[in-house]
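# Analysis of the macromolecular model
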Amino acid sequence: MNGVSPTTSPRKVSLIRAPLMPVAAAVACGIASGRFAPLPTGFYVVCGIAAMVAAVLAFRRPHLQLATAGAIIAAAGALAAVHVRLAYFAAAENHVVTYTDESPMPASLRGRIVTAPQVIEADDVMGYHRQPHTSFILQAGGVRTTPRGGPAWVNVCGLVRVRVDEPAWKLQAGQQVELVGWMGRFRGPANPGQYDFAAAARNSGVLVRMNVPAADGAIILAGADQSPLAKAYWHVRATARQHLAGCGDVSSGRLVNALVLGERHSALRTLSRTMVRAGIAHFLSISGLHLGVFLGFVYLLLRVTTLSPRRSAAAVLIVLAAYMLLAEPRAPLLRSAVMAAALCLAVIFQRRHSALNALAAAAILLLAIDPMRLFSAGFQLSFAIVIGLILLHRPVRNRLFGRWLRRRGLVVFRGEQRLGRWLYFTAGDRLMDLITMLLTCYLVAAPLVAYHFGLFSPYGPLLSFLLFPLILAVLVPGYISIALAWPMPNLSAAIGRLAGGAAEKLTGTVESLQDLPALSLELRPVGFWWVGLCYLVLGIVVIHRRCRLGRALAVVALAGLVAATVHTQRRSAAPAAAELNVLAVGAGQCAVLRTPAGATYLFDAGTRSGYDAGRQVLKPFLRAMRLPGPREAFISHANTDHYNMLPGMVGLAGPGRVYLNDYFPGPERGGPSYHTACRFMQILAERKVQIVRLQAGMRLSLDERTEVEVLWPPAEIRDDLTVNDTSLVLRICCDGESVLLTGDLDDVGQAELTKRGGRIRADVLVAPHHGGWERTLPEFVRAVGAETIIVSSSRDLRVPIGAGPAAKRFYTELRTHRRYYCTARN
């Protein structure tokens, strides 16, 4: 009789090829729920215990296998939620954060340096340049918040982000140090859309920051030497980095280090930003691509030497472990290492390998160590891209090359046509796989890049394909050079120079990409729902041929995605009345006006705080508030803390017209401010920006309801005015209400405007010269009569030393009798 005998059980078919995937998904959902859901920790504890009890009770009942699996998955999710709540919402009793306050306080801190100290170059901002500083993470061991000679040290724990305001070349990872400086907590973003350093630090488990004013404030403790093993470890890491840095000049050596070992140097920030805009930033961090090239090369080399697959896999596992000691332990590298180790173990033990299962194991392991990794862009991009490659590689390949593959199957080569056969089949397969891989990575990464970075890079797939050979030309010689550094140093140096030369070519190629039109498109914020919708539509498009009415469903899905994307990119509605936003830029001033017609204008845009406020504050603000680019800009005077954001904005997408006073670039001749202002004027001329000179008595209509009245400086040119006293004084009026902007007006201008009485009255006053004291200031403020005073400054107003009782009375009245706001605290 045909069929299965009663005594023979049918072969079981595994319906779930990756049993760890549901567990990994439950862990991710549990972490997200524990982080954002307003539920107590006890709720998750009870749910986890109940799920584990249910799993134990159902485990030995074959008919309840689904219930057992569901209970295990629920328990994993509940435990993950408990884990993230304890990691994110709680701190140990002796954590160093318990000795801090919102405001920085003087303190001494002892501990061990756990990351390699980096000397970071400050942003080059027009008119101001900060000296390089040193940054690292410290594992705190003791704290003292009183002066030397006070109470004894208190034992503490926790990680601290340390900044030394000078290059500290003697500091190394693993050292025990004592730091003297200012300790405090991270502050949240001061403006809408600005990067939240406090949230990023908290997600990394760092709750405290410390600023050490000078390198002498970082003292290496005597008698706190590292163990021999730790010394050897850090010595090997430093030697490897030093060897790669010597493969070329300073720039190319740092790039080789970044590609081979994942070391991020501050000098590569400009290159990194260009690669992000071009959609090829994944090449700059060690990912599965880099590790695959490295381990694949090692495995091929071992197989050529006639080692068996099992022995080759064991050797690759040893090489992987050694490489992990040298490289920076970032999420993409750790994920790739776990998957590679799983593949090696499968070959060694001759078991079937499941890439999805290995990926799920990597996710569970990394999230168990640090659950907050789930919310980082690197983690999400790394795992999403690999899932996309596993699930979509074959369907995308068939969609791209299916017709050609069917035709190729009919082609027959003769025996002597070996080269043609190799090119047509083997090389053709490799090329198709490469194109499919790069396109799949791009399609999967694009939604997350738009969500995290607000960019869309149309050239991404093409540039990835074109730059891939250069990446290989850096990686392969770099790996070989490290391997031969000890046994064959001369040959290693020669091969390393090949990697350095390729890195130099790669840098030049990436820098030339900036000339491409529309290299990247800046997007307004999109929600995570939009990311999910993108992946849903991508899946429908890939598998639509397998479904009934699949083509119609794919068209509807694409139309829905286009409509949703257009909805996310709409501008905010025009305000009912003019809105003026004074941004917190530290020591400087930047105000953004939105008129009832929906247009945007800038009133000053600069800072002397030593960072690129245009890129870090102004552009994110416009994006977060969904505002259009500013049409025009008003610059009060020729001090760079009022205009140095503009060089990065004027041009095609920025203000096409700039209003200045008649004294710009300034009455001083030959000074630094004058030369900087002249360079600014040259930039405006090169970018064909229209310049309009303003003087007292002029009126400008911004729309039917909003106008700008110029009150100062006077039409006649005067020699007794300083740069500050030449500031444009502008009154913005809309629907009978007004704001007075005064720039850095000093005592001469204040005294003359005070004599005009009611002609300078306004409802809101942006205080002159950042609220600094002048003897004429009290009378000037009373003449304006504003109930609301706004001060743009890096610190709250305080009475100057030696200013006298008049200043104290004025600042006290300002805080108690008027609505007072300062960007340093509001």
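Residues numbered from 1 in each chain as written. Predicted model: local features only at pLDDT ≥ 70, side-chain atom pairs only at ≥ 80, totals over all residues. Heavy atoms only, no water.

### Focus on the overall build of the chain
- For the chain, the count of helices and strands is 22 helices and 23 strands.
- When its C-alpha atoms are laid out on the principal axes, the chain stretches across 115 × 70 × 65 Å.
- Burial analysis of the chain (826 residues in total) assigns 45% to the buried set.
- Of the accessible surface of the chain, which amounts to about 42,200 Å², a share of 60% is contributed by carbon and sulfur atoms.
- Charge separation in the chain, taken as the distance between the mean sites of 86 positive and 51 negative side-chain charges, equals 18 Å. (Helix = DSSP H or I, 4+ residues; strand = E, 2+ residues; numbered from the N terminus. Buried < 20%, exposed > 50% of the residue type's maximum accessible area, 1.4 Å probe, protein only. Areas by Shrake-Rupley, 256 points an atom, 1.4 Å probe, with all protein chains shown as cover. Lys, Arg positive; Asp, Glu negative; His and termini not counted. Charge placed at Lys NZ, Arg CZ, Asp CG, Glu CD.)

### With respect to the layout of surface pockets
- Of the pockets and cavities examined, the second largest pocket occupies roughly 910 Å³.
- Lining of the second largest pocket is provided by 26 residues; of these, Ala116, Pro117, Trp169, Arg241 and Glu263 occupy positions nearest its centre.
- Among the secondary structure elements, those contributing two or more residues to the lining of the second largest pocket are β2 (118-120), α5 (228-245) and α6 (250-261).
- Tallying contributions element by element places α5 first for the lining of the second largest pocket, with six residues.
- Broken down by class, the residue content of the lining of the second largest pocket amounts to 13 nonpolar, seven polar and six charged. (1 Å grid on protein atoms, 1.4 Å probe; cavity = no way out; pocket = protein on both sides within 12 Å on 5 of 7 lines; lining within 4 Å. Points joined across faces, edges and corners; volume = space filled by probe spheres on them. Nonpolar A, V, L, I, M, F, W, Y, C, P; charged D, E, K, R; others polar.)

### Looking at the packing of helix α21 (residues 777-784) against helix α22 (residues 805-817)
- Running from N to C, α21 and α22 point in directions that differ by 30 degrees, and their axes come no closer than 10 Å. By the angle class used here, α21 and α22 are roughly parallel. Listed contacts from α22 to Leu777, Pro778, Val781 and Arg782 of α21 are Phe810, Tyr811 and Glu813.
- Within the contact of α21 with α22, the residues separate by chemical class into five nonpolar, no polar and two charged. (Axes fitted to C-alpha atoms, helices over the stretch in contact; angles between N-to-C directions. Parallel < 35°, antiparallel > 145°, perpendicular 65-115°, else oblique. Contact = heavy atoms within 4.5 Å.)

### Observations regarding empty space enclosed by the protein
- Tallied over the full model, the rule gives four cavities of 30 Å³ or more.
- Volume-wise, the largest cavity comes out at about 60 Å³.
- In terms of lining, the largest cavity is formed by Gln589, Phe603, Asp604, Phe634, Ile635, Ser636, Leu728, Leu730, Leu741, Thr742 and Gly743.
- Each residue belonging to the lining of the largest cavity can be placed in one class, and the counts come to six nonpolar, four polar and one charged.

### Some thoughts on the side chain of Ser135
- Mapping Ser135 onto the fold places it in strand β3 (residues 133-144).
- A distance of 3.1 Å separates the side chain of Ser135 from the side chain of Arg161, its partner in a polar contact.
- Those residues in contact with Ser135 that lie beyond four places of it in its chain are Ala116, Pro117, Gln118, Ile120, Arg161 and Val162. (Polar contact = N/O pair within 3.5 Å; in protein donor to acceptor, adjacent residues only side chain to side chain.)

### Things to note about unusual backbone geometry
- Cis geometry is found at the peptide bond from Phe664 to Pro665, where omega equals 20 degrees.
- Mapped onto the fold, Pro665 is located in the loop between β15 (657-661) and α19 (672-686).
- Cis geometry is adopted by the peptide bond preceding Pro713, which originates at Trp712 and carries an omega value of 5 degrees.
- As for its position among the elements, Pro713 is in the loop between β18 (706-712) and β19 (729-734).
- We note that Lys688 has phi near 55 degrees; this positive angle belongs to a residue other than glycine.
- One can find Lys688 in the loop between α19 and β16 (690-694).

### A short note on a nonpolar patch on the surface
- There is a patch of nonpolar side chains on the surface, built from Val45, Ile49, Met52, Val53, Leu57 and Leu79 and spanning about 520 Å² of accessible area.
- Note that Ile49 resides in helix α2 (residues 41-58). (Patch = residues over 30% accessible without salt bridge, like charges linked within 9 Å, V, L, I, M, F, W, Y side chains within 5 Å. Salt bridge = Lys/Arg side-chain N within 4 Å of Asp/Glu carboxyl O.)

### Observations concerning the packing of aromatic side chains
- Per the counting criterion, the structure on display carries 19 aromatic pairs.
- Each ring, one from Phe603 and one from Phe634, has its centre 4.5 Å from the other, and the planes form 0 degrees; the classification is stacked. In this pair, Phe603 sits in strand β13 (residues 600-607) while Phe634 sits in strand β14 (residues 632-634), placing the two residues 31 residues apart along the sequence.
- The exposure class of Phe634 is buried, given its relative accessible area of 1%. (Phe/Tyr/Trp six-rings, centres within 6.5 Å; stacked < 30°, edge-to-face > 60°.)

### Focus: the side chain of Thr68
- Assignment of secondary structure puts Thr68 in helix α3 (residues 65-88).
- On the basis of relative accessibility, which here comes to 8%, the residue Thr68 falls in the buried class.
- Apart from residues no more than four positions distant in its own chain, Thr68 is found in contact with Ala55, Ala58 and Phe59.

### What about the pattern of salt bridges?
- One pass over the structure, following the stated rule, counts 17 salt bridges.
- Measuring nitrogen to oxygen at the nearest pair gives 2.8 Å for the salt bridge that ties Arg731 to Glu709. Highlighted residues: Arg731 in strand β19 and Glu709 in strand β18, separated in sequence by 22 residues.
- Note on Arg731: relative accessible area 11%, which makes it buried.
- Accessibility expressed as a relative area gives 13% for Glu709, which makes it buried.
- In this structure, a network of salt bridges that share partners links the residues Arg397, Arg408, Asp429 and Asp433.

### Quick notes on the sheet that holds β15
- Taking strand neighbours across the sheet as the criterion, the six strands line up as β11-β12-β13-β14-β15-β16 in an open arrangement whose pairing is mixed. Here the strands that pair on one side only, and so sit at the sheet edges, are β11 (579-582) and β16. Looking at each pair of strands side by side, their axes are set apart by 25 degrees on average, direction ignored.
- When β13 meets β14, the two strands line up parallel, connected through three bridges. What sits directly across from Phe603, in β14, is Phe634.
- This element, helix α18 (residues 613-624), spans β11, β12 (588-594) and β13 of the sheet and lies at about 20 degrees to β12. (Pairing = 2+ DSSP bridges.)

### Remarks on α21
- Counting buried positions along α21 yields six of eight residues, so the element is predominantly enclosed.
- Here α21 has its buried residues at Leu777, Pro778, Phe780, Val781, Ala783 and Val784.
- Backbone geometry just after α21 places Gly785 at a positive phi near 70 degrees.

### Looking at the packing of helix α11 (residues 355-369) against helix α12 (residues 377-408)
- Here α11 crosses α12 at 170 degrees, and the two axes come no closer than 10 Å. As judged from the angle between their axes, α11 and α12 are roughly antiparallel. α11 and α12 meet at a crossing whose hand is left-handed. Contact residues: Ala355, Leu356, Leu359, Ala362, Ala363, Leu366 and Leu367 in α11; Phe379, Phe383, Val386, Ile387, Ile390 and Leu391 in α12. (Left-handed = near helix turned anticlockwise from the far one by under 90°.)

### Some remarks on the sheet that holds strand β22 (residues 788-791)
- If you trace the seven strands from one edge of the open sheet to the other, you get β17-β18-β19-β20-β21-β22-β23, paired in mixed fashion. At either margin of the open sheet sits one strand with a lone partner, and together these are β17 (699-701) and β23 (819-822). Averaged over all pairs of adjacent strands, the angle between their axes in this sheet comes to 15 degrees, without regard to strand direction.
- Sitting on the sheet, α21 is in contact with β20 (737-741), β21 (764-766) and β22, with an inclination near 145 degrees to β21.

### What to know about the pairing of strand β7 (residues 206-212)
- Bridging between strand β5 (residues 159-164) and β7 involves six bridges; their strand directions are parallel. Paired with Val164 across the strands is Val212, a residue of β7.
- Pairing of strand β6 (residues 176-185) with β7, which is carried by four bridges, proceeds in the antiparallel orientation. By the bridge assignment for β7, Met183 is matched with Met210.

### Some words on the nonpolar core
- Counting residues in each nonpolar core, the largest one holds 48 residues, and the members touching the most others are Ile280, Leu291 and Tyr323.
- When residues of this core are assigned to their parent elements, the largest contribution, seven residues, is made by helix α14 (residues 460-483).
- Grouped together as the second largest cluster of nonpolar side chains are 32 residues, Leu583, Cys590, Val592 and Leu684 included. (Core = buried A, V, L, I, M, F, W, Y, C linked by side-chain atoms within 4.5 Å.)

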